Structures are given as structure tokens and as C-alpha cells.
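The residues making up each chain are set out below.
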Amino acid sequence: MAVPFNRPYLTGHEAQYLEKALANRKLAGDGTFTKQCQAKLESLLGSGRAFLTTSCTDALEAAALLCDVGPGDEVIVPSYTFVSSANAFALRGANIRFVDSLPDHPNLDHSKVEELITERTRVIVAVHYAGVACEMDSLCALADRHNLKIVEDAAQGIASSYRGKSLGTIGDLGAFSYHETKNVIAGEGGSLHVNDLRLVEQAEIVREKGTNRSAFFRGDVDKYGWVAVGSSFLPSELTAAFLLAQLENIDRIQRRRLHLWNAYDAGLAALAKRGDVQLPTIPNYASNNAHMYFLVCDSLDTRTRLIARLRERGFGAVFHYQSLHASRYFKDKHDGRPLPNADRYTDCLVRLPMFYELEDADVERICDTVRGFFGGARV
Ligand SMILES: Cc1ncc(COP(=O)(O)O)c(C=O)c1O
């Protein structure tokens, strides 16, 4: 593919930091690189405590443990999301109640959440699709009224905000991904952000296999042992060394991605005006971290043909998420409510190439190809 969908960007300092981590002869987690990454994340996000994890999936699984979700509890999750947003809670035996997306954005439809709340509901998972905030005021009000926890799945949400507050710092807990397709990367990696500070000590325990090893290393206790149920969510110093090089360059990465995002948006605006496609909307309460540029076609057939046309021309366009309520694992467990917007994004959404080293000329050629496909709308 001449222009792939994604090309992981190296800032230039990764190898140097990896060599330093090797020279330190401290390769397991929670060394100096892990601490530096966590401090950087805490200052970037502005509040709360950051814990590096091996993935966002692991951060979500840690969050499910911290919310003390158990068999029979209910968790509300958008259907149009990555499996991990729901699987983390299903692993604890929770029943998942899927909610539809908004008509004009794949984020969950906050107006449809309250009708799903029962005596057994424990958690709402707010997935900030494409790094664009969910409508958090209404979700937080519901959580207060019904005594629920909010876990923000901010896998795609680094360096983005809701009414000026960083994503991942608004709910009780937030989960970020540094998978190679994200804005800042570590190959595989993630972090758990703890905003309810009463959960910090438990988060340390859950992340360290259910032991109070972190307290032991700090000198707070004279031996460590098994104190709760947990798992191995702690990444090695090699992951942290790589991630630090990325976090130190986040402003530069963000500037470039925003430039590319705006170029796509300008290049495709005429198609949206004509009604050929739906383009991403950024509500006034949300910022844009340019994680993803996507468009929504009018049908599965149009999408299939558009992706084929882009691929013929050498551009790696892709689709993703299949509505989870209709998945092979879940369909027999779903309560039968139609979730038409989730299904429409499943069938009709296309993601265009988006990565730091994408050239302006590539974006122009991709926009030309999309416009040509729809019969040449003027820019
Ligand atoms: C919304 C969402 N949640 C969770 C994840 C899982 O992230 P990770 O690959 O770091 O486990 C992803 C992955 O892309 C995602 O898109």
C-alpha cells in the first residue's frame, strides 16, 4: 500500500531511552522511566494519578476490579466500541447493557442511558470515540443520582478535553491506550487514570497481582503479600522508556495531526454539504485531538466500493468495530432492542489514513479520490 492506514511514528529518542533503560539494568516495571511517564501524564492531564499498564484493555480490567463489579451487576456500554470496553466487565461476570450511538457521532447517546439503569447497574462506560468527548455533564448527573461509577474509555482520547477538562479525568477512572495506532505509542501499552483518590492504594494493589508490593518498595510496610484480587498490569521499563520519548513530543505530534485533520475536513466539506457523506462533528463542549478522520457513507455497498476505490489507488482506508450487541458472543444475551445508529456506523463508517508522517499531498490525493468517487463535488 503506497499510503498505509497507519505508520507508527518514531520521535527519534526512543532508541536512546531504550539503551538507557538497558544500561540501568532495571527492566521490570516501576523504575525511573515508568515514574517519569506517570509524572508527565499527571501534568498533561492536570489532575488525578496515572499508572502505566500493559494496554488499555488491562487498564479497563483494572478499572472493573476497582469498581468491584461482580456477577449479576449491570454495566452500560456503547455497542459501537472496541471489545475491551465491554469484555473487561464481562470478565467479572457483569451483564452488559448496550446503548446506541448518537445519530451524528458514534459516541453513546446520553439521552438513552437512564432508561437502562436498574437496581443492579454499577458502572457507565463512557467511550470517547475518536478522542471526541461524550456529553459528560448528563452522564455525571446520572451517576450521582443513581450512585454509579463512570469509567472513561479514553483509549483514543489523549490530549483531548471536555469543557476544558482532560478526558480521563472526569469519571472515577480513565483508561488510555498507547497501541501503535494511537497518537502517542509504546507498541502495546496503556495507563489507568485514578480520579477518585480513595482508589489510589487499591489501584496499586490491583496492578501488582493483588499484592501490596508498591507499598513495600516505598518502605511503607516491611513485607508484602496477597491482600486482594488483582493481576499483572505493570509494563516493563522498556515500554516506559519508549513511551517517554513519545510523551515528550506530544505537542509536536498533536500540531501535525490537527493540521492533517483540518486538511481532510476542508477537502471533503463539499461532499458533506451535498449530502453524500456524513463528516465528523466536534460538539462545542469537546476538543479535537485529531486521533481519527472518518466519514460515514449512506450504505454498506457505498462503503465497500469506496474502500475498494481508495485501495486501488494505493490508500489504506479501513472500517472497524462491529456492533457488540450483534456479535457472535453477545447476540443471544442482548435484550432485543434495536440499536440502529450503532449498526449504521458498523456498516457505513470509513477511516482514512492518519499518521504523523502522512504528507499534505497524500491528503490532497485521498480527498481527490473520494470526491471523484462521489462524482466530483467542488472543493
Ligand atoms: C475504544 C477502545 N477501547 C479499548 C481499546 C483497547 O486498547 P489496547 O489495544 O491498548 O488494549 C481500544 C483499541 O483500539 C479502543 O479503540
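Within any chain, residue numbers begin from 1 and follow the written order of that chain's sequence. Where local features are concerned, this predicted model is filtered to residues with pLDDT of at least 70; where side-chain atom pairs are given and counted, the filter is 80 or more; whole-chain, interface and lining totals use all residues. Side-chain metrics rest on all non-hydrogen atoms present in the structure, leaving aside hydrogens and water.

**Student:** How should the domain arrangement of the protein chain be read in this particular structure?
**Tutor:** For an interface, size is often stated in terms of accessible area lost upon the parts coming together. Where each domain starts and ends comes from a domain assignment, either automatic or drawn from a database. The assigned domain composition of the protein chain is domain 1 (14-247) and domain 2 (250-373). For domain 1 and domain 2, the distance between their C-alpha centroids amounts to 25 Å. Should any heavy atoms of two residues lie within 4.5 Å, those residues are counted as being in contact. Between domain 1 and domain 2, the residue contacts involve 40 residues of the former and 34 residues of the latter. When domain 1 packs against domain 2, the two sides together hide about 3,300 Å² of surface, and 55% of this comes from carbon and sulfur. Accessible area that two parts lose when put together, evaluated with a 1.4 Å probe and summed over both, is termed the buried area. Of all residues in domain 1, Tyr80, Phe98 and Asn183 give up the largest surface area on contact with domain 2, accounting jointly for 21% of the area buried on that side. Here, a salt bridge means any Lys or Arg side-chain nitrogen found within 4 Å of an Asp or Glu carboxyl oxygen. Counting the contacts that link domain 1 with domain 2 gives one salt bridge. Between aspartate 335 and arginine 97 there is a salt bridge whose closest N-O contact spans 2.7 Å. Here a polar contact is taken to be a pair of N or O atoms separated by no more than 3.5 Å, where protein atoms must pair a possible hydrogen donor with a possible acceptor and residues adjacent in sequence count only if both atoms sit in side chains. In this structure, the connection of domain 1 to domain 2 is made through 27 residue pairs in polar contact (both at pLDDT 80 or more). Helical segments are the DSSP runs of H or I of at least four residues, strand segments are the runs of E of at least two, and each set is numbered from the N terminus. For the side of domain 1 that touches domain 2, the secondary structure elements donating two or more residues are α4 (83-90), β3 (95-99), β4 (101-102), β5 (105-108), β8 (161-162) and α8 (237-247).

**Student:** What is the right way to read empty space enclosed by the protein from this model?
**Tutor:** Throughout, the protein atoms alone are placed on a 1 Å grid, and a set of points is a cavity if a 1.4 Å probe fits but cannot get out or a pocket if it is open with protein on both sides within 12 Å along at least five of seven lines; lining residues have an atom within 4 Å of a point. Grid points are joined across faces, edges and corners, and a volume is the space filled by probe spheres set on the points. Summed over all chains, the structure comprises two cavities of 30 Å³ or more. Estimates place the volume of the largest cavity at around 80 Å³. Around the largest cavity, the lining is made up of 14 residues, and of these Arg7, Tyr9, Lys182, Asn183 and Arg257 lie nearest the centre. Of the domains in this structure, domain 1 (14-247) and domain 2 (250-373) are the two that each give at least three residues to the lining of the largest cavity. Phe5, Asn6, Thr181, Arg257, His291, Met292, Tyr293, Arg351, Leu352 and Met354 are the residues that line the second largest cavity. Under the convention adopted here, Pro, Cys and the residues Ala, Val, Leu, Ile, Met, Phe, Trp and Tyr are nonpolar, Asp, Glu, Lys and Arg are charged, and Gly plus all remaining residues are polar. A class-by-class count of the residues in the lining of the second largest cavity yields five nonpolar, three polar and two charged.

**Student:** Please clarify how the nonpolar core should be interpreted in this entry.
**Tutor:** Inside soluble globular proteins, nonpolar side chains tend to come together where they are buried. Joining through side-chain atoms within 4.5 Å is the link that ties buried Ala, Val, Leu, Ile, Met, Phe, Trp, Tyr and Cys residues into a set, and such a set is a nonpolar core. Residue burial is assigned from relative accessible area. The probe radius is 1.4 Å, only protein chains are included, and a residue is buried under 20% of its type maximum, exposed over 50%, and partly exposed in between. Phe89, Leu192, Leu295 and Leu352 are the most contacted members of the largest nonpolar core, which has 75 residues in total. Among the elements that take part in this core, helix α3 (residues 56-66) stands out by supplying eight residues, more than any other. Viewed by domain, this core spans two of them, domain 1 (14-247) and domain 2 (250-373), each represented by three or more residues. If we skip the residues at most four places from it in the chain, leucine 192 touches Arg49, Ala50, Phe51, Thr53, Ala59, Ala62, Ala63, Leu66, Leu173, Gly174 and Ala203. Core analysis: the next-biggest nonpolar cluster, separate from the first, contains 24 residues, Tyr9, Leu45, Ala241 and Leu247 among them.

**Student:** It is not clear to me how the layout of surface pockets should be interpreted in this structure. Could you clarify?
**Tutor:** One water molecule sets the probe size; rolling that probe over the atoms shows where empty space is left. Each pocket or cavity is described by its volume, and for the largest pocket that value is around 540 Å³. For the largest pocket, the lining is made up of 29 residues, of which Phe82, Gln156, Thr181, Lys182 and Tyr321 are closest to its centre. Elements supplying a minimum of two residues to the lining of the largest pocket: α3 and α4. In terms of residue class, the lining of the largest pocket is built from 10 nonpolar, 15 polar and four charged. Put simply, the second largest pocket is a space of about 390 Å³. What lines the second largest pocket is a set of 20 residues, among which Asp30, Lys35, Arg207, Ser214 and Arg218 lie closest to the centre. For the lining of the second largest pocket, the elements supplying multiple residues, two or more each, are α2 (32-45), β1 (49-53), α6 (200-207) and α7 (213-218).

**Student:** Looking at this model, I keep getting lost on the pattern of salt bridges. Mind explaining?
**Tutor:** A side chain of one charge can pair with a side chain of the opposite charge if their charged atoms are brought near each other. All chains considered together, the criterion is met by 21 salt bridges. Ionic pairing is found between arginine 305 and aspartate 301, a salt bridge with its closest N-O pair at 3.2 Å. One end of the pair is arginine 305 and the other is aspartate 301, both in helix α10 (residues 300-312) and four residues apart, which spans about a single turn. Since its relative accessible area comes to 43%, arginine 305 is described here as partly exposed. The partly exposed category is assigned to aspartate 301, whose relative accessible area is 46%. Beyond isolated ion pairs, a larger network of salt bridges with shared partners links Glu74, Arg97, Asp335 and Arg337.

**Student:** Help me understand α3 in this model?
**Tutor:** Since there are 3.6 residues in each turn of an α-helix, residues three or four apart along the chain are aligned in direction. Among the 11 residues of α3, 10 are classified as buried, and the element is accordingly described as predominantly covered. Taken together, the buried positions of α3 are Cys56, Asp58, Ala59, Leu60, Glu61, Ala62, Ala63, Ala64, Leu65 and Leu66. Buried-residue contacts for α3 involve β1, α4, β7 (149-153), β10 (173-177), β11 (190-194) and α6. Where α3 starts, the residue carrying a side-chain oxygen 3.4 Å from the main-chain nitrogen of threonine 57 turns out to be serine 55. A positive backbone phi angle near 55 degrees is found at aspartate 68, which sits one or two residues after α3.

**Student:** Teacher, can you tell me more about the site of the ligand here?
**Tutor:** Around the ligand, the structure places 14 residues, and the nearest of them are Thr57, Asp153, Ser177, Lys182 and Tyr321. A distance of 2.7 Å separates a nitrogen atom of the ligand from a polar atom in the side chain of aspartate 153. Tyrosine 321 has a polar side-chain atom sitting 2.7 Å from an oxygen atom of the ligand. Being in a pocket or cavity means that more than half of the molecule's atoms lie within 2 Å of its grid points. The site holding the ligand turns out to be the largest pocket. To be near a molecule or strand, a residue needs just one of its heavy atoms within 4 Å of it.

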